[in-house]
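Structure at a glance
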Amino acid sequence: MSAPASAPRLTRTVTAGGGRVYTLSVRAFEGLSVNVFVIVLGDPARPGYTALVDTGSGLSLSTEGLAGLAAIRGTWGEACSWASLDRIVVTHAHPDHAGGLPFVRTLSAAPVAAHERGVPILENPEAFREAMRPRLEAYQTWLGVPAEHPYGVRLGNRTRNLMLPSGVPVATPLQDGDLLDGVFRVIFTPGHEGSQICLQLDDVLLSADHVLPRNSPPLLPAWVHEGGGLETYLASLDKVERLEGVGLALGGHDEPMPDWRDRIQALRARYEAKLAALLEAADQPRSVLDLTERVSRMNPRQALLLLDQTAALAEFLVARGQLHQTQGTADEALFVRQG
């Protein structure tokens, strides 16, 4: 008999305009929690607008956490419910943020909004997986990871994964600068994921996985993932930093960020340190696997993310002219610093 799921953490933020943002921290996967947001506007007894931003994963340990929505009524007296939900927003099409969308659809008929690039993934995840399979198989070779290597097995499994269990129609494709429902300003922030958006409500920024308080977001090379790559991510950081009137950022994971501009500076500095370490390690032609093992503390849980990170950094340094890329005997990419 499995142990009962722990109660999700629920916190409340009030915007300068009086909107209430409820952050529900649920378990997406074992060892990973994700923030789901409920936004309520108007009279608590008769809200004029209620939105759910992100849905957690499709696993039961995550969907069970969404029962925490009832605590918003019980603790703060907000007359919100699944039946009264006006809008569902997906910040980006990753399993920990969008995987619970089919489950949420069984509870609410509210229209879904997502960036236009993410619409095909959310509506037909099977077709997206099949379209990505050849690219991901080529990527494994490019990384220099043999199929029989433990990481190679996991990379092979990645080609079979779905972003969400089944497709859900998206009623409202979004673009950068849209004012969704007259409530959320949409900021398109690709890099971590090609369709990612942040949402500004008054003085609060829902920063998705673009700005996080504890970690730099995982990246894939741009040639593997359209809208990915370090160059794209840094350009999106610049865009967010130029926003006016934001006093607090709430990321897709972990705690609030009142010092969100300082956090952006720390992220830039962290990437520069990672780039310098990679250049130092590339003293002779080396594969992404070799470089990753030289610059990172490898562990099974994070291995693929670390390989992806090294790959994105190497791609960026090649574009900068600081690394030279050649091809090895097994068709893997090899990188060596210039000069």
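Keep in mind it's a predicted model, so treat the numbers as computed, not measured.

**Focus on the overall build of the chain**
Within the chain one finds 11 helices and 14 strands. A globule of 339 residues ought to have a C-alpha radius of gyration of about 20 Å, and the chain, at 21 Å, matches this closely. Expressed as lengths along the three principal axes of its C-alpha atoms, the size of the chain is roughly 65 × 45 × 35 Å. Burial analysis of the chain (339 residues in total) assigns 52% to the buried set. The long-range share in the chain, meaning contacts at least 24 apart out of those at least 6 apart in sequence, stands at 64%. Entry remark: accessible area of the chain is about 14600 Å², with carbon and sulfur atoms responsible for 52%. If you average the places of the 30 positive and of the 38 negative side-chain charges in the chain, the two averages end up 3 Å apart.

**Observations concerning empty space enclosed by the protein**
What the rule picks out here adds up to one cavity of 30 Å³ or more. A volume near 50 Å³ is recorded for the largest cavity. In terms of lining, the largest cavity is formed by Arg9, Thr11, Thr23, Asn35, Phe37, Leu250, Gly251, Asp254, Glu255 and Pro256. Elements supplying a minimum of two residues to the lining of the largest cavity: β1 (9-14), β3 (32-43) and β12 (248-251).

**Concerning the pairing of strand β2 (residues 20-29)**
Most of β2 sits out of view: eight of its 10 residues are buried. Both β1 and β2 contribute to a ladder of six bridges, which runs antiparallel. Note on β2: the bridge partner recorded for Leu10 is Leu24. Where β1 folds back on β2, the antiparallel hairpin that results is connected by five residues, among which Gly18 adopts a positive phi of roughly 90°. Bridging between β2 and β3 involves nine bridges; their strand directions are antiparallel.

**Description of the sheet that holds strand β5 (residues 87-89)**
The seven strands lie next to each other as β1-β2-β3-β4-β5-β6-β7, forming an open sheet whose pairing is mixed. At either end of the open sheet lies a strand with only one pairing partner, and these are β1 and β7 (172-174). Strand-to-strand twist in this sheet, taken as the mean axis angle between neighbours without regard to direction, amounts to 25°.

**Some details on the packing of helix α10 (residues 288-295) against helix α11 (residues 303-320)**
Where α10 contacts α11, the axes come no closer than 9 Å and their chain directions differ by 105°. Put simply, α10 runs roughly perpendicular to α11. Contacts between α10 and α11 involve Val288, Leu289, Leu291, Thr292 and Val295 from the former and Leu306, Leu307, Thr310 and Ala311 from the latter. Of the residues assigned to the contact of α10 with α11, the class counts are seven nonpolar, two polar and no charged.

**Remarks on the sheet that holds strand β10 (residues 197-201)**
Pairing within the open sheet is mixed, and its five strands lie in the order β8-β9-β10-β11-β12. One side of each edge strand has no neighbouring strand; the edge strands of this open sheet are β8 (179-180) and β12. The sheet contact formed by strand β11 (residues 204-208) and β12 spans four bridges and is parallel. Bridge assignment links Ala208 to a residue of β12, and that residue is Gly251.

**A closer look at the UniProt feature "domain: Metallo-beta-lactamase" (unreviewed entry) in the chain**
As recorded in UniProt, the sites labelled "domain: Metallo-beta-lactamase" (unreviewed entry) are residues 35-253. Annotation note: span residues 35-253, helix share 31%, strand share 22%, distance between end C-alpha atoms 5 Å.

**Observations regarding the side chain of Asp96**
Summarising the element assignment, Asp96 is placed in helix α3 (residues 95-98). A polar contact of 3.3 Å, which involves the side chain of Asp96, links it to the side chain of His97. One polar contact links Asp96 to His253, side chain to side chain, over a distance of 3.3 Å. Setting aside residues no more than four positions away along its own chain, Asp96 makes contact with Ala28, Phe29, Leu32, Val34, Gly56, Ser57, Asp209 and His253.

Reading the values: the criteria
Residues numbered from 1 in each chain as written. Predicted model: local features only at pLDDT ≥ 70, side-chain atom pairs only at ≥ 80, totals over all residues. Heavy atoms only, no water. Helix = DSSP H or I, 4+ residues; strand = E, 2+ residues; numbered from the N terminus. Rg over C-alpha atoms; globule rule 2.2 N^0.38 Å. Buried < 20%, exposed > 50% of the residue type's maximum accessible area, 1.4 Å probe, protein only. Contact = heavy atoms within 4.5 Å. Areas by Shrake-Rupley, 256 points an atom, 1.4 Å probe, with all protein chains shown as cover. Lys, Arg positive; Asp, Glu negative; His and termini not counted. Charge placed at Lys NZ, Arg CZ, Asp CG, Glu CD. 1 Å grid on protein atoms, 1.4 Å probe; cavity = no way out; pocket = protein on both sides within 12 Å on 5 of 7 lines; lining within 4 Å. Points joined across faces, edges and corners; volume = space filled by probe spheres on them. Pairing = 2+ DSSP bridges. Axes fitted to C-alpha atoms, helices over the stretch in contact; angles between N-to-C directions. Parallel < 35°, antiparallel > 145°, perpendicular 65-115°, else oblique. Nonpolar A, V, L, I, M, F, W, Y, C, P; charged D, E, K, R; others polar. UniProt positions renumbered as here; feature names shortened; annotations may be inferred. Polar contact = N/O pair within 3.5 Å; in protein donor to acceptor, adjacent residues only side chain to side chain.

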